[in-house]
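Here is how the chains run, residue by residue.
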Amino acid sequence: MLSFNRIDSYMNGQKVERKPVVLFENIFAAKLMGLSYAESEKTAELISQKIINCYKQYDVDDVSLSFGTKGITVPLGAKLNTHSKLPESLRTYPLKEVHEIEYIDLANIRPSKNPRLQKLLDAYSLINQHFNQLISVRICIGAPFSLASNLIGPEKFLRLLRTEPKASQGLLSFASKVIKLVIDEWSVFANVHFHFSDPFASGDLISPRTYEQFALPYTEEVVKYLKEKKKNSSLHICGNTSRILSLMADTGIDCLSLDQKVDLEQAKKEVGHRLILLGNVDPVAVLQNGNKKEIYQAVKACFESAGESPKGFIIAPGCDLTYDTPAENIQYFVEVAKKFALNI
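Caption draft 1: Quick peek at the overall build of the chain. A tally of regular secondary structure across the chain gives 14 helices and 9 strands. Taking 344 residues into account, the globule formula puts the C-alpha radius of gyration at 20 Å, and the chain, at 19 Å, falls close to it. Seen through its C-alpha atoms, the chain measures out along the principal axes to roughly 55 × 45 × 35 Å. A total of 344 residues make up the chain; the buried ones form 56% of that total. Here the contacts in the chain between residues at least 6 apart in sequence split such that 72% fall between residues at least 24 apart. Accessible surface computed for the chain: about 14,300 Å², of which carbon and sulfur atoms make up 49%. Seen as two clouds, the 41 positive and the 39 negative side-chain charges of the chain have centres 1 Å apart.

Caption draft 2: Up close: the environment of Leu121. Here Leu121 is to be found in helix H6 (residues 115–131). Residue contacts for Leu121: discarding those within four places in its chain leaves Pro111, Glu185, Trp186 and Phe189.

Caption draft 3: The layout of surface pockets, seen in detail. Volume-wise, the second largest pocket comes out at about 360 Å³. Lining the second largest pocket are 22 residues, with Tyr10, Gly13, Gln14, Lys311 and Gly312 sitting closest to its centre. Counting only elements with at least two residues in the lining of the second largest pocket, the list comes to helix H1 (3–11) and helix H14 (327–343). Its residues placed into classes, the lining of the second largest pocket shows 9 nonpolar, 5 polar and 8 charged.

Caption draft 4: Representation of the nonpolar core. The biggest cluster of nonpolar side chains holds 103 residues, and the ones touching the most others in it are Leu65, Trp186, Phe196 and Tyr211. Counting residues per element, this core draws most heavily on helix H9 (residues 165–186), which supplies 10 residues. When sequence neighbours within four positions are dropped, the list of residues in contact with Phe196 reads Ile141, Gly142, Ala143, Ile179, Ile183, Val222, Val223, Leu226, Ser233, Ser234, Leu235 and His236. Core analysis: the next-biggest nonpolar cluster, separate from the first, contains 10 residues, Ile7, Tyr10, Cys255 and Leu278 among them.

Caption draft 5: Seen up close, the confidence of the model for the chain. Averaged over every residue, the pLDDT of the chain is 95; the share at 70 or more is 98%. Per-element mean pLDDT across the chain ranges from 81 in H1 up to 98 in helix H11 (residues 245–250).

Caption draft 6: Structural context of the pattern of salt bridges. The tally for this structure, following the rule as stated, stands at 17 salt bridges. As a salt-bridge pair, Lys180 and Glu221 come within 2.8 Å of each other at their nearest N and O atoms. Here Lys180 is found in helix H9, whereas its partner Glu221 is found in helix H10 (residues 208–228), with 41 residues between them in sequence. With relative accessibility at 30%, the residue Glu221 sits in the partly exposed group. Two residues, Lys229 and Asp184, come together in a salt bridge whose shortest N-O distance is 3.4 Å. Note that Lys229 is positioned in the loop between H10 and strand S6 (233–236) and Asp184 in helix H9, a separation of 45 residues in sequence. Take Asp184: its relative accessible area is 25%, and that puts it in the partly exposed class. Here the salt bridges share partners, and the residues they tie into one network are Arg6, Glu17, Arg18 and Asp61.

Cut-offs applied
Residues numbered from 1 in each chain as written. Predicted model: local features only at pLDDT ≥ 70, side-chain atom pairs only at ≥ 80, totals over all residues. Heavy atoms only, no water. Helix = DSSP H or I, 4+ residues; strand = E, 2+ residues; numbered from the N terminus. Rg over C-alpha atoms; globule rule 2.2 N^0.38 Å. Buried < 20%, exposed > 50% of the residue type's maximum accessible area, 1.4 Å probe, protein only. Contact = heavy atoms within 4.5 Å. Areas by Shrake-Rupley, 256 points an atom, 1.4 Å probe, with all protein chains shown as cover. Lys, Arg positive; Asp, Glu negative; His and termini not counted. Charge placed at Lys NZ, Arg CZ, Asp CG, Glu CD. 1 Å grid on protein atoms, 1.4 Å probe; cavity = no way out; pocket = protein on both sides within 12 Å on 5 of 7 lines; lining within 4 Å. Points joined across faces, edges and corners; volume = space filled by probe spheres on them. Nonpolar A, V, L, I, M, F, W, Y, C, P; charged D, E, K, R; others polar. Core = buried A, V, L, I, M, F, W, Y, C linked by side-chain atoms within 4.5 Å. pLDDT = per-residue confidence, 0-100. Salt bridge = Lys/Arg side-chain N within 4 Å of Asp/Glu carboxyl O.

Set out below in structure tokens:
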């Protein structure tokens, strides 16, 4: 079965001969090309080359293109710091005050005025040409809560949640609106699914009550928008999300991506009957720094905990693979993961 058919079928509840295996490869793939991360992102050609090269080497079940939140914040005025082994970080934010959203020109989000979006659309086209469209492409986008945070700055946003909840909700509503514009650009393609990343909604940063009040409704809104377009989605929140597993499932996503801090057995018991679980081999302790025995044991433990989860299980790292991860470790991880995926 082709990878496109496997993961698409699996996420739609159909039986497949092997459970999918995926990587969060965007950073790691740059190293395989002998490039810094910043170099690998300079052109559509380089982005497509690193993704194609990584797929050819490991033959997993999808590839990913990372739009994040910076694909929105930068065309709206944010400034970046660049790093050799990591994605860019924000140096400044588009907004100083919430009311400034009234003056934002949303035309700047469209490809004609958004170099990042156009570059990724071009990279997608090159990837599709290479594989004759027989590849599943995961579009990684920041969720509304994290986008709102990066529009005005995390410290200010977290303070607004306490002091000006209505203003916070206005900013979150704006964030959802902008994400829908981005979704419109990608949802026309048959072989894409969507992956929302929401690091600022981490259980290490906010309470379950805050998540329920401010993050859940807006994530639910964009997921509903995707369902109307008949597109599958997954959600990843960094850190320990054990206290909000049920709330994350309430967003309506099809697949829950779990950080290595989360107990898969607990996740299976709480929400495994509601959605597919994805994860959660430690990308640093195991995949970067571990040996073959540790990788094998980690993969085995994931399948023992969640391999028979009612709605399904996809083996993956608990977060992005690091730039310094040894290539041979990922080769072994994929090899072992595919063997376990056949036996469940």
